[in-house]
Amino acid sequence: MSPINSFLLQNNLRIAHNPCVSPDFCLDWPGLRSKVQAGAALTVYAKSRFETAAGFFTLIEDPATGDCAWRLEPARAGAVADGMTEGASLPDGATVFPASFANLLALKNLAQAFNPATTIFPTAAPRLGQGTLGIGARFTTLHWPAVEWAMSALEIGVTANQNSIPRELVYDVNAMLDGRLDSVPFPFIGTNVPEGHQGQSVEGMSHGCILSKLKTGFHRRGIAWSFNADHQPIGGKFDSREDQLVEGCVLASYITFDLSPELAQTKVADDAAGWVKAHVPADLVAKVRARVAGLGLTLNEAEFTRLLAYVWPSMQKMKRRDEKYAAARARLFTTEVGRAYLRELSIDELPGLTTPETTAIMLALCEGLGMKIHFVAPAFGFQKNMPYPDNAALRGLIEKQWAVCRQFESSIGFHSGSGKSAENYQVMGEVTGSRLEIKTSGRYTYEMGRAVFASRNAADQALWRDWYTFTVELALKGAFSADATEQKMARIFITDALEKSGRPVDVFASEATARAAIEALAPSPEHMFWFEYNFLYVLAGGGRAEKAALGDHSPAGYRQRARFYSVSDEARLNYAKLVAGYIIFLAENTGLASKPRCAGAAKLLAGYTSMDAFLGGISN
Ligand SMILES: [Zn+2]
């Protein structure tokens with residue numbers, strides 16, 4: 001048994017209330033196998049049934065543990081499911097296999113070889129490389145049914161799974177168990193939090209999002225969707241573990257390249273021109289120069305060579321990493337469709353607002369290196385979760401970028417895209433003709449807060465109160481911290497909440513006065529301090545509002561996480577409606593779906609009164 005599965009079993013952290021930690025969706029195969037063979041009552045997901053050359057597969061689950069298995073009805077006696085292991089025969093002629101990660105990879109080959117158009121697995125279908133919505137999960141995976149419902153109702157595929165790795169997801173469960181995870185600075189809380197702060201592993205999440213589609217029957221709708229391994233760090237301190245990053249992301253159909261780790265340690269030579277001459281192939285430089293000039297942009301020679309000298313080390317590493325992503329897919333997957341992936345180049349981490357010239361040079365470099373870029377993310381000066389204040393200025397900025405991107409047939413990726421105004425999204429959609437991606441993530445944690453806040457279930461209410469208190473305590477500690485950034489940010493968040501509630505904001509004379517002011521507020525998910533600190537609660541050991549408790553990958557952290565996976569059906573339905581409603585809002589304003597289609601979906605959504613009916617609405 002793998003170390004992660006024994007860790008989870010020993011601590012009674014089962015998939016039913018703690019999914020996606022292990023890469024496997026069956027922790028105890030001997031246990032599940034005997035239940036299947038004894039004819040125990042298990043959940044059979046009838047809608048999951050799909051065909052391969054070996055026969056029909058159906059997903060089954062033990063509701064008590066969450067362990068899953070595949071039941072194969074062989075196409076003919078003795079039919080073999082290539083690559084599937086640990087099978088057990090049943091008296092009726094069927095075979096059952098554990099839902100292990102290895103079996104999932106084998107199933108992908110079987111399913112895609114039989115039907116290249118299958119939508120069980122994330123793919124790089126052309127439309128997904130033109131316009132999409134990035135539905136991230138900074139938090140849990142509880143939003144997935146809502147994403148499936150929205151794609152189904154709107155009849156558009158989106159980036160239905162998106163996460164930064166290794167920042168948010170555990171990139172390697174063995175590294176986690178060995179205590180080898182790095183940490184990520186969070187300046188606004190004045191500390192470093194262990195990476196993988198959501199608790200789930202990249203493989204576990206890859207696995208879970210596929211099973212979710214099968215359980216709800218979403219795959220029967222024939223709508224292609226993608227999985228974005230977001231902000232894959234290139235170079236710098238990540239060089240030493242790039243092979244594990246590549247291996248973990250093997251089911252991702254869309255890779256975002258983030259050059260910033262290498263850029264952060266690149267020192268541009270004083271004689272940039274000389275350095276470029278010595279290090280960058282002359283024919284590539286000539287090609288880039290000609291391509292950019294062909295777009296009607298005038299290059300400032302000194303700036304051009306400086307930029308080249310600055311980005312070239314990272315570009316080489318990106319190219320090498322890209323070859324590794326391709327090689328891992330070629331090794332594991334047998335079909336063309338199974339190996340294909342989309343690419344995004346994130347350049348919003350470069351200093352300042354991105355100029356059209358910079359975008360052009362970066363895209364021309366990628367073109368010269370033979371890397372098709374489907375999305376490029378320039379910096380527009382967005383603040384996460386804040387509308388852009390000036391729509392006319394935004395239009396001007398996007399128009400200049402779009403004039404370049406369209407020439408490379410690259411769409412624009414809008415990072416920090418959560419929480420913009422309807423008008424902001426309309427401008428993005430209008431200028432690009434909906435050739436865009438809006439990346440959203442933090443929004444779905446906020447919606448969970450609204451969902452449990454509004455629930456009448458006692459356990460949901462207790463979760464809400466504890467969650468809210470956690471953010472109050474973090475905000476108060478922050479507001480009186482010796483760390484200047486932490487203090488400043490905490491006071492901004494508190495002041496905003498007081499101001500919006502019509503209260504005096506001069507409350508920082510002492511911790512007692514600040515506490516009295518905050519405690520006089522009615523708890524609400526609309527308070528900015530709740531919004532900013534909420535996502536770290538999911539893996540805070542014991543739910544404690546202490547820096548040392550954040551991102552706790554021990555059993556205490558996972559038991560905390562289980563509280564969210566134990567919310568009531570009422571909270572789940574509230575949540576599903578809020579998430580789906582937000583996706584409809586994004587699709588409508590960006591023009592990814594038509595207004596009548598969005599209006600129809602919104603009406604349908606409003607009518608659901610039970611989670612079962614909602615889930616039933618995903619596919620017939
Ligand atoms: Zn970015």
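This write-up is about the structure you can find in this document. (Residues numbered from 1 in each chain as written. Predicted model: local features only at pLDDT ≥ 70, side-chain atom pairs only at ≥ 80, totals over all residues. Heavy atoms only, no water.)

## A short note on the packing of helix H10 (residues 282-294) against helix H13 (residues 356-368)
Turning to step 1, where the next piece is worked out: Axis separation between H10 and H13 bottoms out at 9 Å; the angle between their running directions is 130°. Judged by the angle between their axes, H10 and H13 are oblique. As H10 runs across H13, the sense of the crossing is right-handed. Contacts between H10 and H13 pair Leu284, Lys287, Val288, Arg291 and Val292 from the former with Ala360, Ile361, Ala364, Leu365, Glu367 and Gly368 from the latter. (Axes fitted to C-alpha atoms, helices over the stretch in contact; angles between N-to-C directions. Helix = DSSP H or I, 4+ residues; strand = E, 2+ residues; numbered from the N terminus. Parallel < 35°, antiparallel > 145°, perpendicular 65-115°, else oblique. Left-handed = near helix turned anticlockwise from the far one by under 90°. Contact = heavy atoms within 4.5 Å.)

## What to know about the pairing of strand E5 (residues 95-98)
Turning to step 1, where the next piece is worked out: Neither face of E5 is left uncovered, since the one carrying Thr95 and Phe97 and the one carrying Val96 and Pro98 both have all their residues buried.
Turning to step 2, where the next piece is worked out: As judged from the four bridges shared by strand E3 (residues 68-74) and E5, these two strands associate in the antiparallel manner. Note that in E5 the partner of Ala69 across the bridge is Pro98.
Turning to step 3, where the next piece is worked out: As defined by bridge partners, strand E4 (residues 88-89) adjoins E5 across two bridges and the pair is classed as antiparallel. Pairing of Ser89 across the sheet is with Thr95, part of E5.
Turning to step 4, where the next piece is worked out: Between E4 and the antiparallel strand that follows it, E5, lie five residues; Gly93 among them carries a positive phi value of about 95°. (Buried < 20%, exposed > 50% of the residue type's maximum accessible area, 1.4 Å probe, protein only. Pairing = 2+ DSSP bridges.)

## What about the coordination of the zinc ion?
When a metal carries six donors in an octahedron, the ideal angles between them are 90 or 180 degrees, while four donors in a tetrahedron ideally lie at 109.5 degrees.
Turning to step 1, where the next piece is worked out: Ligation of the zinc ion by protein atoms is provided by His231 (NE2), Ser346 (OG), Asp348 (OD), Glu349 (OE) and His415 (ND1), these donors lying 2.1 to 2.4 Å from the ion.
Turning to step 2, where the next piece is worked out: Look at where the donors of the zinc ion fall in the sequence and you get H-x114-S-x1-D-E-x65-H.
Turning to step 3, where the next piece is worked out: In this structure Ser346 comes out as buried when scored by relative accessible area, which is 2%. (Donors = N, O, S within 2.8 Å, 3.2 Å for Na, K, Ca; no water.)

## Focus: the pattern of salt bridges
Turning to step 1, where the next piece is worked out: Summed over all chains, the structure comprises 36 salt bridges.
Turning to step 2, where the next piece is worked out: With a closest N to O distance of 2.9 Å, Arg597 and Glu155 form a salt bridge. One end of the pair, Arg597, is in helix H23 (residues 595-606); the other, Glu155, is in the loop between helix H4 (144-154) and strand E7 (159-164), with 442 residues separating them in the sequence.
Turning to step 3, where the next piece is worked out: With relative accessibility at 35%, the residue Arg597 sits in the partly exposed group.
Turning to step 4, where the next piece is worked out: According to the relative accessible area criterion, Glu155 is partly exposed, its value standing at 44%.
Turning to step 5, where the next piece is worked out: The salt bridge involving Glu447 is made with Arg450; its shortest N-O contact spans 3.0 Å. Linking Glu447 with Arg450, this pair stays in helix H16 (residues 443-454), spanning three residues, or about one helical turn.
Turning to step 6, where the next piece is worked out: A single salt-bridge network, built from bridges that share partners, covers Asp239, Glu242, Asp243, Glu262, Lys317, Arg320, Arg321 and Lys324. (Salt bridge = Lys/Arg side-chain N within 4 Å of Asp/Glu carboxyl O.)

## Comments concerning the packing of helix H9 (residues 272-279) against helix H11 (residues 301-332)
Helix packing for two helices is described by the angle between their axes and how far apart those axes are.
Turning to step 1, where the next piece is worked out: Remark: H9 packs on H11, axes separated minimally by 8 Å, with the N-to-C direction vectors making an angle of 50°. Of the possible angle classes, the one that applies to H9 and H11 is oblique. Judged by the sense of rotation from one axis to the other, the crossing of H9 with H11 is left-handed. From H9, Ala272, Ala273, Trp275, Val276 and His279 reach across to H11, where they touch Thr305, Arg306, Leu308, Ala309, Trp312 and Pro313.

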